[in-house]
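In case you want the letters, here they are:
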Amino acid sequence: MENTKAKQKNVKLYPTYKMFSWDMLFYYAIIYLFFTQVKGISAADVMLAESFYPIFKVLLLIPATILIDKIGKRRSLIIGNLFIALSTLTYIFATSYEMIVLGEFFSAVGYIIKGVCETNMLYDSLEKNEKRGMLFSKIDGRATSFYFYIDAFSSIVSGFLFAFNGYLPMIFCLITNLISIVMAMNFEEIDDAPSNEKITLRKEVKELKKSLKGIFKSPRLRNLLLFGAIFAGILSTLITLRSSILSDIEVPAQYFGIIFAILGIISGIAAKNQHKIHKRFRNKTLAILSLPVVISCVILGLWCVAGFDKELTIIVVLMVFLIQYIAKGPFNTLIRQYLNNFTNTTLRTKISSSYNLLESLFRSMFSLFASFLLRYTSTANTLTVVGCIATVGIVLLLDNMREKVGLKPEEYKEKDMKILELK
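Note that the structure is predicted; figures quoted are calculated from it, not measured.

1. Notes on the overall build of the protein
Then step 1. Looking only at helices and strands, the protein features 16 helices and 0 strands.
Then step 2. Within the protein, contacts between residues at least 6 apart in sequence are counted, and of these 84% link residues at least 24 apart.

Shown next as structure tokens:
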């Protein structure tokens, strides 16, 4: 009975928690301007600093997994949010480039923990039946949409706050970080009490290798993990490139917030309706979401290079951003749903760790490559090159996934289902 009440409490709390905690509020609309204008960092160095974040996540994955195994998801979630608040505080007081990198380290600690714990906290709190995956998708999708709505509001406010004082949006961001800590304290631990078994770094590395080897034997999981990690890496790299292109075409700082707010609302609507998108397109969903994004990068880059009229260029830029935000909203929930399907609690944790590892690796590669390009060429040329490479990669991945992902349970091979521990 107590366990049931704890689960119900978690399910009820999760949407509100994610609304404030899924990602930074008062942050993304102005962080590029904060680093370049307030802290005096170049666009290439901003991208380089961001490339450290996924590298840190890779290095921290095993220690974070050990921590979660030892103290449980709830306490780990509290610690994760504490580190994110610490990262915001570091950015505010940064007096050197090294302090910005330190902030990226703190942020990596926080998000590697949250990446493993948050969705699993919800999934573990849902009743085990055939509707579990769909219910998870609906709740997480609704929670994601809530985040996008409040993020839209915070983006508008942050743009005007930045125009008044560059530090004000970051102070508000820190306040929401503290709210996230308090809310994380209200979750209940669902899993059994933390094990007293001694967990060592060597043992965890061995377990991770074993997990990766086992998971990658499944054609379905292997393709989903690679596709999700690569596309997530592309989306994260576009965050800075979008701000950079707006700066290049001389959009005033106060309009950054309005633009990203409107796009955030649209992304929230798309996230809320992700189950309808899945129902409409089924095994073509990932293609429908990804191809327009990567192709739009190429179109935007070439358009800006051509040097068309400024007003028309702004319209094209906003249309491309719209395409990217529509895809961004439902993707994060759907890829987690697809990865969690046909799994149990133990396997879900392993899959989450593997996904976070791969996502970090590809995000780092894309960020480092973009940073390298930005040192020698414009943002428009960088978008063109990144878009071309991403388009080729996504097309090849989708072609390889054709007969391996999106099938009914009975259509998968016996070998695949044994790996998923169904048989």
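2. Digging into the packing of helix 4 (residues 73-93) against helix 5 (residues 97-125)
Packed helix pairs are characterised by how far apart their axes lie and by the angle those axes make with each other.
Then step 1. Between helix 4 and helix 5, whose axes approach to 7 Å, the crossing angle comes to 155°. The pairing of helix 4 with helix 5 is recorded here as roughly antiparallel in orientation. By crossing handedness, the relation of helix 4 to helix 5 is classed as left-handed.
Then step 2. Its residues assigned to classes, the contact of helix 4 with helix 5 comprises 16 nonpolar, 9 polar and 6 charged.

3. Focus on helix 3 (residues 43-71)
Quick reminder: α-helices carry 3.6 residues per turn. Residues three or four places apart thus point the same way.
Then step 1. Taking 1.5 Å of rise per residue, the 29 residues of helix 3 would be expected to cover 42 Å, and the 40 Å separating its terminal C-alpha atoms lies within 8% of that figure.
Then step 2. One or two steps after helix 3, the chain reaches Gly-72, where phi turns positive at roughly 90°.

4. What about the nonpolar core?
Then step 1. Ranked by internal contacts, the top residues of the largest apolar core, which has 117 residues, are Phe-227, Ile-234, Leu-246 and Phe-331.
Then step 2. Top contributing element to this core by residue count: helix 9 (residues 219-248), with 14 residues.
Then step 3. With residues up to four places along the chain from it excluded, the contact list for Phe-227 reads Leu-286, Ser-290, Phe-331, Ile-394, Leu-397, Leu-398 and Met-401.

5. A few points about the pattern of salt bridges
Then step 1. Under the definition given, this model contains 4 salt bridges.
Then step 2. In this structure, the salt-bridge partner of Lys-9 is Glu-188, at a minimum N-O distance of 3.1 Å. One end of the pair, Lys-9, is in helix 1 (residues 2-21); the other, Glu-188, is in the loop between helix 7 (168-184) and helix 8 (201-215), and 179 residues separate them in sequence.

6. Thoughts on unusual backbone geometry
Then step 1. The phi dihedral of Phe-26 is positive, around 60°, even though this residue is not glycine.
Then step 2. When you line up the elements, Phe-26 lands in the loop between helix 1 and helix 2 (31-38).
Then step 3. Its relative accessible area of 9% is what places Phe-26 among the buried residues.
Then step 4. Backbone geometry places Glu-250, a non-glycine residue, at a positive phi of 65°.
Then step 5. Following the sequence through the fold, Glu-250 ends up in the loop between helix 9 and helix 10 (253-272).
Then step 6. A relative accessible area of 60% means that Glu-250 is categorised as exposed.

7. Focus: a positive patch on the surface
Then step 1. Taken together, Lys-131, Lys-138, Lys-279 and Arg-282 make up a surface patch of like positive charges.
Then step 2. You can see Lys-131 is positioned in the loop between helix 5 and helix 6 (132-164).
Then step 3. A residue is classified by how much of its surface remains accessible, and Lys-131, at 59% relative accessible area, is exposed.

8. Quick notes on the side chain of Ser-364
Then step 1. Within the fold, Ser-364 resides in helix 14 (residues 345-376).
Then step 2. Setting aside residues no more than four positions away along its own chain, Ser-364 makes contact with Ser-51, Pro-54 and Ile-55.

9. What about the packing of aromatic side chains?
For any pair of aromatic rings, the description consists of the separation of the ring centres together with the inter-plane angle of the planes.
Then step 1. Applying the stated criterion to the full structure yields 20 aromatic pairs.
Then step 2. Here Tyr-27 and Tyr-91 contribute two aromatic rings whose centre-to-centre distance is 6.4 Å and whose plane-to-plane angle is 35°, an arrangement assigned as tilted. With Tyr-27 in the loop between helix 1 and helix 2 and Tyr-91 in helix 4, this pair connects stretches of sequence that are 64 residues apart.
Then step 3. A residue is classified by how much of its surface remains accessible, and Tyr-27, at 9% relative accessible area, is buried.
Then step 4. When its relative accessible area of 1% is taken as the criterion, Tyr-91 is described as buried.
Then step 5. Taking 5.3 Å as the distance between ring centres and 90° as the angle between the ring planes, the aromatic pair formed by Phe-56 and Phe-105 counts as edge-to-face. Placement of Phe-56 in helix 3 and of Phe-105 in helix 5 is noted, with a sequence separation of 49 residues between them.
Then step 6. By relative accessible area, which is 17% here, Phe-56 ends up buried.
Then step 7. You can call Phe-105 partly exposed: its relative accessible area is 28%.

10. Remarks on the side chain of Thr-382
Then step 1. In this structure, Thr-382 sits in helix 15 (residues 379-401).
Then step 2. Those residues in contact with Thr-382 that sit more than four places away from it in its chain are Leu-241, Ala-370, Leu-373, Leu-374 and Thr-377.

11. Some points on the state of the cysteines
Then step 1. One pass over the structure, following the stated rule, counts 0 disulfides.
Then step 2. In this structure Cys-297 is a free cysteine whose sulfur lies 9.7 Å from that of Cys-388, the closest cysteine sulfur available.

12. Description of the environment of Leu-126
Then step 1. For Leu-126, the position within the fold is in the loop between helix 5 and helix 6.
Then step 2. When near neighbours in sequence (up to four residues on either side) are disregarded, Leu-126 contacts Val-11, Arg-132, Leu-135, Phe-136 and Ile-139.

13. A closer look at the confidence of the model for the protein
Then step 1. Looking at the protein, the pLDDT average stands at 83 and 88% of residues meet or exceed 70.
Then step 2. Considering each helix and strand of the protein separately, the mean pLDDT is smallest for helix 16 (residues 414-419), with a value of 56, and largest for helix 7, with 94.

14. Describing the packing of helix 6 against helix 7
Then step 1. For the pair helix 6 and helix 7, interaxial distance at closest approach is 7 Å and the crossing angle is 135°. Classified by the angle between their axes, helix 6 and helix 7 sit oblique to one another. Facing Ser-158, Leu-161, Phe-162 and Phe-164 of helix 6, the residues of helix 7 in contact are Leu-168, Pro-169 and Phe-172.
Then step 2. Here the residues of the contact of helix 6 with helix 7 sort into 6 nonpolar, 1 polar and no charged.

Here is what the cut-offs are and how they apply
Residues numbered from 1 in each chain as written. Predicted model: local features only at pLDDT ≥ 70, side-chain atom pairs only at ≥ 80, totals over all residues. Heavy atoms only, no water. Helix = DSSP H or I, 4+ residues; strand = E, 2+ residues; numbered from the N terminus. Contact = heavy atoms within 4.5 Å. Axes fitted to C-alpha atoms, helices over the stretch in contact; angles between N-to-C directions. Parallel < 35°, antiparallel > 145°, perpendicular 65-115°, else oblique. Left-handed = near helix turned anticlockwise from the far one by under 90°. Nonpolar A, V, L, I, M, F, W, Y, C, P; charged D, E, K, R; others polar. Expected span 1.5 Å × (residues − 1). Core = buried A, V, L, I, M, F, W, Y, C linked by side-chain atoms within 4.5 Å. Buried < 20%, exposed > 50% of the residue type's maximum accessible area, 1.4 Å probe, protein only. Salt bridge = Lys/Arg side-chain N within 4 Å of Asp/Glu carboxyl O. Patch = residues over 30% accessible without salt bridge, like charges linked within 9 Å, V, L, I, M, F, W, Y side chains within 5 Å. Areas by Shrake-Rupley, 256 points an atom, 1.4 Å probe, with all protein chains shown as cover. Lys, Arg positive; Asp, Glu negative; His and termini not counted. Charge placed at Lys NZ, Arg CZ, Asp CG, Glu CD. Phe/Tyr/Trp six-rings, centres within 6.5 Å; stacked < 30°, edge-to-face > 60°. Disulfide = S-S within 2.5 Å. pLDDT = per-residue confidence, 0-100.

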